[in-house]
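The chain contents come next:
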Amino acid sequence: MSLERRIFRISSTSIEVSALTQIVYADNAATTIMDVDAFEAMRLYLLQEYGNASQPYSFARQPKKAIQEARETVASCIGALPEEIFFTSGGTESDNWAIKGTAFRNYDHRATITSAFEHHAVLHACEAIERLGCPVVYMWPDSKGYISPEMLERYITDETLLVSVMFANNEIGSIQPIKELCDIAHAHGALFHTDAVQAVGHIDIDVNDLGVDMLSASAHKFNGAKGVGFLYIRKGTPITVYADGGAQEHGLRAGTENVAGIVSLAAALRKNVENLKANREHIMGLQKMLLDSLNESGIHYTRNGGDHTLPGIISLSFDGKDGEAILHRMDLMGICISTGSACDSKNTEISHVLQALCMPESLAKGTIRISLGKNNTEEDVNAIVEALKKILL
Ligand code: PLP
């Protein structure tokens, strides 16, 4: 997306959003630009209706109502009940709560099963419970980035406490068979959590259709504000309090509510869900254009993530090339992408996701992620392809 100039009026002050008119932003899996409507929705709660939603006086009424409405909106977007939505500070907190909250509520040393290519918010939370004596089993995805139901069948027992598998991988975009995995977990009496941070707001999600007990999401991945997200917790799921100190979030997550952030989250999610099909078609069109142009260019690449990936997440490996160098050269051309490896002065560290795929080192080191969003344009795709041609041919 070439960021267009946008002027927002806040009281008497004009804020010009982004003077960076030449930037091509193709790192939407890292974060997204705020939707203007989501921004407008939060303004009222920053500058006028700033009351503490937990206070008993009438000035708290509007913020309290806004949170309730946001809860209802979010619930309706994923097929949940409003009381099953718990607002958090984002995906990391939601994942930590799901993993630790389940392990600590059921402190009987039953195992958690997860995959080796989860986001660190899940993996590090798993390491934390392991240090406290709760066993964790790590499943390895296949080389395309999928955890099969057969794989889970191999690891699960009737003693398993929780299975946590991400909805879609953030580096390669592969979408996991969540419904099937969830059915297996339930057949063995285990709970099921999915980190759906990359998927919510981008593909259709119905928690009842999937059957999941917990689902994590983050607003800044779907054009809402940063620092706000939610954890869906199915009614009756045994889980500990995440933060003690107040009655907010049904007494499970204390702290004065981030009203403006919550309002932005709901507005952004509703808009993305309402436009899901159109956004998907737009992004898939750009994705096809990018891959067709690369094929015509003579650049040799491997696309990672198999056939069932999130729209717009395009992980490409260039054998024998240096992904980090590609990133920096594209940066110099005003294009933001991401990479699957990072160098220090001596070594190249390959991301745990690419390691989990057992990718040959020469491919892993040459891996970049282009992630397109609803605001990207054909001009952006042309600029990306031209830049890759300059760098790689
Ligand atoms: N889970 C996944 C799959 C992610 O991609 C991210 C962010 O990149 C997170 C969790 C963390 O979310 P947040 O940035 O809201 O803490």
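Residue numbers restart at each chain and count upward from 1, following the sequence in its written direction. In view of the model being predicted, local features appear only for residues whose pLDDT reaches at least 70, and side-chain atom pairs are presented and counted only at 80 or more, with totals across whole chains, interfaces and linings using the full set of residues. Only hydrogens and water are set aside; all other atoms, that is, all heavy atoms of the structure, feed into the side-chain values.

**Some details on the packing of aromatic side chains**
Link 1 in the chain: Each aromatic pair joins two rings of Phe, Tyr and Trp (for Trp, the six-membered one) with centres within 6.5 Å, and gets the label stacked for planes under 30 degrees apart, edge-to-face for over 60, and tilted for any other angle. Using the criterion set out here, one finds 3 aromatic pairs in the structure.
Link 2 in the chain: Look at Tyr50 and Phe59: their rings are 5.1 Å apart centre to centre, the planes differ by 75°, and that puts the pair in the edge-to-face class.
Link 3 in the chain: A relative accessible area of 57% means that Tyr50 is categorised as exposed.
Link 4 in the chain: For the ring pair Phe86 and Trp97, a centre distance of 5.7 Å and an interplane angle of 85° mean the geometry is edge-to-face. Of this pair, Phe86 sits in strand E4 (residues 85–88) while Trp97 sits in helix H3 (residues 91–105), placing them 11 residues apart in sequence. With respect to class, Phe86 is no different from Trp97; both count as buried.
Link 5 in the chain: Grouped by ring-pair contacts, the aromatic residues Phe86, Trp97 and Tyr242 constitute a single cluster. Relative accessibility decides the category of a residue: with a 1.4 Å probe and only protein chains considered, values under 20% of the type maximum give buried, values over 50% give exposed, and everything between is partly exposed. Helix numbering and strand numbering both begin at the N terminus, where a helix is a DSSP run of H or I of at least 4 residues and a strand a DSSP run of E of at least 2.

**Points about the nonpolar core**
Link 1 in the chain: In this text, buried Ala, Val, Leu, Ile, Met, Phe, Trp, Tyr and Cys residues form a nonpolar core when linked through side-chain atoms within 4.5 Å. Phe167 and Phe230 are the most contacted members of the largest nonpolar core, which has 72 residues in total.
Link 2 in the chain: Looking at this core element by element, the count peaks at 9 residues for helix H8 (residues 259–274).
Link 3 in the chain: In this structure, this core is formed jointly by two domains, domain 1 (2–30 + 275–392) and domain 2 (36–274), each of which donates at least three residues.
Link 4 in the chain: Counting residues in hydrophobic clusters, the runner-up holds 27 residues, among them Leu291, Phe318, Met330 and Ile337. Note that the domain bounds reflect an automated or database-derived domain assignment.

**Describing the sheet that holds strand E10 (residues 229–233)**
Link 1 in the chain: Paired strands, as defined in this entry, are two strands with at least two bridges between them according to DSSP. The mixed open sheet is built from 7 strands, whose spatial order is E4-E10-E9-E8-E7-E5-E6. Two strands in the sheet have a free side with no partner beyond their single neighbour: E4 and strand E6 (136–139). Taking the axes of each pair of neighbouring strands and ignoring which way they run, one obtains an average angle of 20° across the sheet.
Link 2 in the chain: Of the strand pairs in this sheet, strand E7 (residues 162–164) and strand E8 (residues 191–195) are connected by 3 bridges, and their pairing is parallel. Bridging from a neighbouring strand, Leu162 pairs with Leu191 of E8. Only the stretch in contact is used when fitting a helix axis, every axis being a line fitted to C-alpha atoms; angles between N-to-C directions are given from 0 to 180 degrees.

**Quick word on the site of the ligand**
Link 1 in the chain: When we say a residue is near a molecule or strand, we mean one of its heavy atoms is within 4 Å of it. If you check the shell around the ligand, you find 13 residues, and the closest are Thr92, Asp195, Gln198, Ser218 and Lys221.
Link 2 in the chain: Side-chain atoms alone can form a polar contact between residues adjacent in sequence; in general such a contact is a pair of N or O atoms within 3.5 Å, and within protein one must be able to donate a hydrogen while the other accepts it. At 2.8 Å from an oxygen atom of the ligand is found a main-chain nitrogen or oxygen belonging to Gly91.
Link 3 in the chain: The contact in question runs from a nitrogen atom of the ligand to an N or O atom on the side chain of Asp195, over 2.6 Å.
Link 4 in the chain: Residue contributions to the shell around the ligand peak at 3 residues, all from H3.
Link 5 in the chain: Think of it as three bins: nonpolar holds Ala, Val, Leu, Ile, Met, Phe, Trp, Tyr, Cys and Pro, charged holds Asp, Glu, Lys and Arg, and polar takes everything else, Gly as well. Residue classes in the shell around the ligand are distributed as 2 nonpolar, 8 polar and 3 charged.

**Observations concerning the packing of helix H1 (residues 36–47) against H8**
Link 1 in the chain: Axis separation between H1 and H8 bottoms out at 8 Å; the angle between their running directions is 160°. Here H1 is positioned roughly antiparallel relative to H8, judged by the angle of their axes. Read as a crossing pair, H1 and H8 show a hand that is right-handed. Residue-level contacts link Asp37, Ala38, Ala41, Met42, Tyr45 and Leu46 of H1 to Val259, Ala260, Gly261, Val263, Ser264, Ala267, Ala268 and Lys271 of H8.
Link 2 in the chain: Here the contact of H1 with H8 is composed, by residue class, of 10 nonpolar, 2 polar and 2 charged. Angles below 35 degrees are treated as roughly parallel, those above 145 as roughly antiparallel, those between 65 and 115 as roughly perpendicular, and all remaining angles as oblique. Helix crossings are classified by the rotation of the near helix relative to the far one: an anticlockwise turn of less than a right angle makes the crossing left-handed, while a clockwise turn makes it right-handed. Pairs of residues are marked as contacts when any of their non-hydrogen atoms sit within 4.5 Å.

**Concerning the domain arrangement of the chain**
Link 1 in the chain: Segmentation of the chain into domains returns domain 1 (2–30 + 275–392) and domain 2 (36–274).
Link 2 in the chain: Measuring from the centre of the C-alpha atoms in domain 1 to the corresponding centre in domain 2 gives 26 Å.
Link 3 in the chain: Between domain 1 and domain 2, the contact holds 31 residues from the first and 38 residues from the second.
Link 4 in the chain: When two parts are put together, the accessible area they lose, computed with a 1.4 Å probe and summed over both, is reported as buried area. Taking both sides of the interface into account, the surface hidden between domain 1 and domain 2 amounts to around 2,800 Å²; carbon and sulfur atoms contribute 58%.
Link 5 in the chain: Summed over the three residues of domain 1 that lose the most area to domain 2, namely Leu276, Leu310 and His352, the buried surface amounts to 22% of that side.
Link 6 in the chain: A side-chain nitrogen of Lys or Arg and a carboxyl oxygen of Asp or Glu constitute a salt bridge if their distance falls within 4 Å. The interface formed by domain 1 and domain 2 includes 0 salt bridges.
Link 7 in the chain: Seen at the junction of domain 1 and domain 2, the total is 17 residue pairs in polar contact (both at pLDDT 80 or more).

**Considerations on H8**
Link 1 in the chain: Between the first and last C-alpha of H8 there are 23 Å, a value that for 16 residues agrees with the 22 Å anticipated at 1.5 Å per step.
Link 2 in the chain: Taking burial as the measure, the 16 residues of H8 include 12 buried ones, the bulk of the element.
Link 3 in the chain: Every buried residue of H8 is accounted for by Val259, Ala260, Gly261, Ile262, Val263, Ser264, Leu265, Ala266, Ala267, Ala268, Leu269 and Asn272. Any helix carries an expected span of 1.5 Å times its number of residues minus one.

**Section: the pattern of salt bridges**
Where side chains of opposite charge bring their charged atoms close, a pairing between them can arise.
Link 1 in the chain: By the definition in use, this model includes 15 salt bridges.
Link 2 in the chain: Asp37 is the partner of Lys271 in a salt bridge, and the nearest nitrogen-oxygen pair spans 2.8 Å. Note that Lys271 is positioned in helix H8 and Asp37 in helix H1, a separation of 234 residues in sequence.
Link 3 in the chain: Overall, Asp37 belongs to the partly exposed group, its relative accessible area being 43%.
Link 4 in the chain: Across the pair Glu249 and Arg71 runs a salt bridge, and its minimum N-O distance is 2.7 Å. Pair noted here: Glu249 is in the loop between E10 and H8 and Arg71 is in helix H2 (residues 61–78), with a separation of 178 residues, a long-range link.
Link 5 in the chain: Under the relative-accessibility criterion, Arg71 is labelled buried at 6%.
Link 6 in the chain: Put simply, Asp35, Asp37, Lys271 and Lys374 are held in one network by salt bridges that share partners.

**Quick look at the sheet that holds strand E11 (residues 302–304)**
Link 1 in the chain: The sheet built from 4 strands is open, its strands ordered E11-E12-E17-E14 with antiparallel pairing. In this open sheet, the two edge strands, each paired with only one partner strand, are E11 and strand E14 (338–339).
Link 2 in the chain: Contacts between helix H9 (residues 276–297) and the sheet are confined to E11, strand E12 (313–317) and strand E17 (367–371), with E12 contributing the most and set at about 15° to the helix.

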